[in-house]
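Topology and contacts: notes
Read off the chains here:
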2 protein chains.
Amino acid sequence: MSDPRFSEWMAQQQQRAERALDAALPGATIAPSRLHEAMRYTTLGGGKRVRPLLAFAAGEVSKACTAALEAAACAVECIHVYSLVHDDMPCMDDDSLRRGKPTVHVQYDEATALLVGDALQTQAFDLLSAPGLFGDASRQLRALHTLAQASGSRGMAGGQAIDLGSVGKEISLAELEVMHLHKTGALIRAAVLLGGLAGDLNDEALRQLDQYAKCIGLLFQVVDDVLDATADTATLGKTAGKDAANNKPTYVSLLGLSESRKLAEELARQAEEAIATLGDRALRLREMARYIVSRQF
Amino acid sequence: MSDPRFSEWMAQQQQRAERALDAALPGATIAPSRLHEAMRYTTLGGGKRVRPLLAFAAGEVSKACTAALEAAACAVECIHVYSLVHDDMPCMDDDSLRRGKPTVHVQYDEATALLVGDALQTQAFDLLSAPGLFGDASRQLRALHTLAQASGSRGMAGGQAIDLGSVGKEISLAELEVMHLHKTGALIRAAVLLGGLAGDLNDEALRQLDQYAKCIGLLFQVVDDVLDATADTATLGKTAGKDAANNKPTYVSLLGLSESRKLAEELARQAEEAIATLGDRALRLREMARYIVSRQF
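So, a few notes on the structure that sits alongside this text. Every value quoted in this text rests on a predicted model; they were computed, and no experiment measured them.

1. Examining the overall build of chain A
Per the secondary structure count, chain A includes 15 helices and two strands. A compact globule built from 297 residues would reach a C-alpha radius of gyration of about 19 Å, and chain A, at 18 Å, matches this within 12%. For the C-alpha atoms alone, the extent of chain A along its principal axes is close to 50 × 50 × 35 Å. Expressed as a percentage of its 297 residues, the buried residues of chain A come to 60%. Within chain A, contacts between residues at least 6 apart in sequence are counted, and of these 72% link residues at least 24 apart. Carbon and sulfur atoms make up 50% of the accessible area of chain A, which totals about 11,100 Å². Treating the 31 positive side-chain charges of chain A as one cloud and the 38 negative ones as another, the clouds have centres 3 Å apart.

Rendered as structure tokens:
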């Protein structure tokens with residue numbers, strides 16, 4: 001599906017994300033060391049880094065400066081990881097496995113998991129607000145505001161709340177889409193936009209990136225639902241089949257497996273179409289769409 | 001203790017904080033409405049608003065623009081309220097009363113409390129990153145960075161982690177001070193600095209505000225410990241005596257009541273001295289120091 005050069009690019013960018021996160025997080029010897037160790041435990045050494053990859057791919061379109069782009073990628077990933085840590089807690093999904101490792105509240109304790117999530121969220125805004133990071137302070141503010149809006153009660157956290165309220169209920173496909181546009185889509189969209197904002201793009205190019213990102217956000221969730229229904233826990237590195245077990249509505253439960261796969265293909269096509277006029281610079285974004293639709297875990 | 005004009009100013013500024021928070025938080029009818037309702041439940045209609053008052057008092061020194069100053073005050077208060085909501089959860093202090101009302105996890109549920117705290121933290125950065133809020137985008141970035149550093153793992157969240165690790169342990173006065181400089185002091189310091197940054201001050205004036213704010217942060221905690229040991233639950237609006245019950249080290253447990261009160265007076269004196277050369281514009285800051293040292297709840 002993906003050409004060998006894309007696999008190589010992806011591996012390089014995953015390593016880049018890992019290095020940047022390692023440098024961005026406080027060292028495990030800095031006080032309070034247990035908190036910092038737990039922040040590093042959950043953030044480093046795992047994950048597909050889809051959001052950083054999308055930011056890096058968008059950064060090729062915007063010819064972003066390295067420091068701004070890596071801070072943007074790390075900030076989005078810190079928000080993502082914080083949401084996983086809190087989502088895994090006993091009062092939410094009560095999950096014990098994430099990225100193939102015990103979740104933070106299992107490895108440490110619940111209070112530490114709470115603080116790790118809290119501190120990772122702050123770390124995101126800390127990284128992205130470093131003075132002089134972007135050449136242009138107004139563009140940096142726009143990136144911060146984009147990230148905040150994507151993460152908060154009308155973005156990701158709001159999607160979590162809708163998800164909480166939907167457990168065990170009949171919901172329509174439209175309602176499911178609203179939930180995912182918030183819960184997963186908003187932050188994926190922010191990853192792409194921040195990659196764009198880390199360089200210099202006109203509003204029309206940003207609008208095209210945004211359209212691409214909206215399709216990718218939904219696509220990612222459709223594929224996630226398919227994988228949750230079809231893959232096993234060892235392959236996923238997280239508990240498989242938990243949506244069905246938790247009686248959560250998914251694309252698969254609403255549309256069936258075959259229609260969900262068709263929807264995924266259609267969303268990938270729409271994503272590629274949205275950036276058709278951006279030319280060669282958007283190669284990695286196109287490849288990311290193909291990668292996400294065909295991923296196995 | 002405080003002159004009548006100060007009481008009047010304080011009441012006005014508390015109402016101002018309430019109005020600004022009411023306008024800053026998403027309406028309870030906006031989806032997801034249960035999350036927004038819970039965010040408003042815990043944020044509005046209560047609290048002494050010490051941090052907004054400090055921001056407003058510092059804003060008189062910097063001649064801050066109203067929109068920037070109110071956003072700064074609300075952002076700091078949102079961070080404070082999020083920390084209370086998470087701190088009250090069963091895996092932390094497990095408290096059922098806050099500001100005279102049932103805590104969020106009691107009134108709603110634990111998952112909602114987790115999301116309310118998460119979303120209030122994001123709301124703070126959302127408010128403070130609004131495009132064009134400060135006349136000067138670089139100054140606005142500095143305010144955002146100040147808030148993030150004060151709130152994160154090397155600020156407030158770090159202080160919470162130190163606190164967690166100290167329960168039931170013997171700690172020294174120096175260690176207690178380090179804990180409080182993080183847990184309470186960092187955000188109080190940010191409140192004052194953001195009030196300064198919302199207007200235009202030179203670095204020397206900001207340094208004086210910072211020195212004032214450091215003293216106030218410790219002062220606030222010393223007085224809190226005295227009140228926890230001496231006042232009753234009805235007066236405090238939160239569970240009294242819980243530090244002793246939780247075997248937590250406090251100024252009172254380390255120094256005794258009488259020495260703790262002397263320390264509070266000394267810190268108030270140092271705070272006033274730090275801003276002695278700022279003249280009439282710093283009147284409210286001086287009054288705030290007197291208010292905090294003599295507060296009864």
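2. Here's the deal with the side chain of H86 of chain B
Within the secondary structure layout, H86 of chain B lies in helix α4 (residues 66-87). A distance of 2.9 Å separates the side chain of H86 of chain B from the backbone oxygen of L114 of chain B, its partner in a polar contact. Contact partners of H86 of chain B, with chain neighbours within four places excluded, come to H86, L114 and D118 of chain A together with M92, A113, L114, G117 and D118 of chain B.

3. With respect to the interface of chain B and chain A
Contacts between chain B and chain A engage 45 residues on the former and 45 residues on the latter. For the pair chain B and chain A, the summed buried area comes to about 3,700 Å², and 71% of that belongs to carbon and sulfur atoms. If you sort the residues of chain B by the area they bury against chain A, L115, L141 and S153 of chain B come out on top, with a joint share of 16%. One can count zero salt bridges joining chain B with chain A. Those elements giving two or more residues to the side of chain B that touches chain A turn out to be α2 (33-43), α4, α6 (110-128), α7 (137-151) and α8 (156-166) of chain B. For the side of chain B that touches chain A, the leading source of residues is α6 of chain B, giving 12 residues.

4. Details of the nonpolar core
Judged by nonpolar contacts, the single largest core of 209 residues is most densely connected at L147, Y212 and M288 of chain A together with L128, L147, Y212 and M288 of chain B. Filtering out sequence-adjacent residues up to four positions away, M288 of chain B remains in contact with F6, W9, V50, L53, L54, A57 and Y212 of chain B.

5. Structural notes on the side chain of D118 of chain B
The residue D118 of chain B is located in helix α6 in this model. We note that D118 of chain B is buried and unpaired, the nearest opposite charge coming from K183 of chain A at a distance of 12 Å. In this structure D118 of chain B touches Y82, H86, D118 and Q121 of chain A together with H86 of chain B, once residues within four positions along its chain are discounted.

6. A short note on unusual backbone geometry
Trans is the prevailing form of peptide bonds, just as negative phi is the prevailing case for residues other than glycine. Residue and element names in this part refer to chain A. In this structure, the amide linkage connecting A31 to the following residue, P32, adopts the cis form with an omega of -5°. Along the chain, P32 falls in the loop between α1 (4-24) and α2 (33-43). Even without glycine at this site, K63 takes up a positive phi of about 45°. Its place among the elements puts K63 in the loop between α3 (50-62) and α4 (66-87).

7. So, the pattern of salt bridges
Residue and element names in this part refer to chain A. Enumeration according to the criterion identifies 36 salt bridges over all chains in this entry. Linking R34 and D109 is a salt bridge whose minimum nitrogen-to-oxygen distance equals 3.1 Å. Of this pair, R34 sits in helix α2 while D109 is found in the loop between α5 (104-107) and α6 (110-128), placing the two residues 75 residues apart along the sequence. Classification of R34 as partly exposed rests on a relative accessible area of 44%. Here E265 makes a salt bridge to R290, at a shortest N to O gap of 3.3 Å. Residue E265 is located in helix α14 (residues 257-274), and its partner R290 is located in helix α15 (residues 283-294); the two are separated by 25 residues in the primary sequence. On the accessibility criterion, R290 (25% relative accessible area) is partly exposed.

8. Details of the relation of the copies chain B and chain A
After a rotation of 180° and a shift along the axis of 0.0 Å, chain B superposes on chain A with an RMSD of 0.0 Å. Taken together, the turn and the small shift mark the pair as related by a two-fold rotation axis. Residue A137 of chain B, judged by its C-alpha, is the member of chain B lying nearest the rotation axis, at 2.8 Å. Most of the interface of chain B is mirrored in chain A, where 100% of its interface residues again form contacts.

9. Focus on the packing of aromatic side chains
By the definition in use, this model includes seven aromatic pairs over all chains. Ring plane angle 70° and centroid distance 5.7 Å describe the contact between Y41 of chain A and Y108 of chain A, whose orientation is recorded as edge-to-face. Here Y41 of chain A, found in helix α2, pairs with Y108 of chain A, found in the loop between α5 and α6; they are 67 residues apart in sequence, far enough to count as distant. Each member of the pair, Y41 of chain A together with Y108 of chain A, is buried. Their ring planes at 50° and their centres at 6.1 Å tell us that F6 of chain B and Y291 of chain B sit as a pair that is tilted. You can see F6 of chain B sitting in helix α1 (residues 4-24) and its partner Y291 of chain B sitting in helix α15 (residues 283-294), a full 285 residues away along the chain. Taking relative accessible area as the criterion, Y291 of chain B reaches 13% and is therefore assigned buried. An aromatic cluster of three or more residues is present, and its members are F6, W9 and Y291 of chain A. One residue, R16 of chain A, lies across the ring of F56 of chain A, its end atom 4.1 Å from the ring centre. The ring of Y41 of chain A carries K101 of chain A above its face, with NZ or CZ at 4.3 Å from the centroid.

10. Description of the packing of α3 of chain A against α4 of chain A
All names here are of chain A. Packing of α3 against α4 leaves a shortest axis separation of 8 Å and a crossing angle of 155°. Relative to α4, the element α3 is oriented roughly antiparallel. Considering the relative orientation of α3 and α4, their crossing is right-handed. Facing α3, whose interface residues are R51, P52, A55, F56 and G59, α4 presents L69, E70, A73, V76, E77 and H80. Classifying every residue of the contact of α3 with α4 gives six nonpolar, two polar and three charged.

Quick notes on the rules
- The numbering scheme is per chain: residues are counted from 1 as the chain's sequence reads.
- Written order decides the labels, with chains lettered from A and ligands numbered from 1.
- Whole-chain, interface and lining totals are the exception, using all residues; otherwise, since this is a predicted model, local features are given only for residues with pLDDT of at least 70 and side-chain atom pairs are given and counted only at 80 or more.
- Excluding hydrogens and water, the side-chain figures rest on all heavy atoms present in the structure.
- Elements are defined by DSSP. Helices are runs of H or I of four residues or more, strands are runs of E of two residues or more, and each kind is numbered from the N terminus.
- All radius of gyration figures rest on C-alpha atoms, and the globule criterion is 2.2 Å times the number of residues raised to 0.38.
- Throughout, exposure labels follow a simple rule: accessible area from a 1.4 Å probe, protein chains only, divided by the maximum for the residue type, with under 20% read as buried, over 50% as exposed, and the rest as partly exposed.
- Here, two residues are considered to be in contact whenever any of their heavy atoms come within 4.5 Å of each other.
- In short, Shrake-Rupley with a 1.4 Å probe defines the accessible areas, and a residue's cover is counted only from the protein chains shown.
- When charges are counted, Lys and Arg contribute as positive and Asp and Glu as negative, whereas His and the chain ends are disregarded.
- For charged residues, the charge sits on one atom: NZ in Lys, CZ in Arg, CG in Asp, CD in Glu.
- For the purposes of these results, a polar contact is taken to be a pair of N or O atoms within 3.5 Å, where, inside protein, one atom must be able to donate a hydrogen and its partner to accept one; residues adjacent in sequence count only when each atom of the pair is a side-chain atom.
- Note on definitions: buried area is the accessible-area loss of two parts on being combined, 1.4 Å probe, summed for both.
- Here a salt bridge means any side-chain nitrogen of Lys or Arg lying within 4 Å of a carboxyl oxygen belonging to Asp or Glu.
- We call a set of buried residues a nonpolar core when its members are Ala, Val, Leu, Ile, Met, Phe, Trp, Tyr or Cys and they connect through side-chain atoms within 4.5 Å of each other.
- Superposing copies: least-squares fit, C-alpha atoms only, residues required to have pLDDT of at least 70 in both.
- Centres within 6.5 Å are what make two rings of Phe, Tyr or Trp a pair, Trp counting through its six-membered ring; a difference in plane orientation under 30 degrees is then read as stacked, over 60 as edge-to-face, and the rest as tilted.
- As a reminder, the over-ring test applies to NZ of lysine and CZ of arginine, requiring each to be within 6 Å of the ring centre and within 35 degrees of the ring normal.
- Angles here are taken between N-to-C directions and fall from 0 to 180 degrees, while the axes themselves are lines fitted to C-alpha atoms, restricted in helices to the stretch in contact.
- Oblique is the label for any angle not covered by the other classes, which are roughly parallel (under 35 degrees), roughly antiparallel (over 145) and roughly perpendicular (65 to 115).
- Left-handed describes a crossing whose near helix is turned anticlockwise from the far helix through less than a right angle; right-handed describes the clockwise counterpart.
- Polar here means any residue other than Ala, Val, Leu, Ile, Met, Phe, Trp, Tyr, Cys and Pro, which are nonpolar, and Asp, Glu, Lys and Arg, which are charged; Gly is therefore polar.

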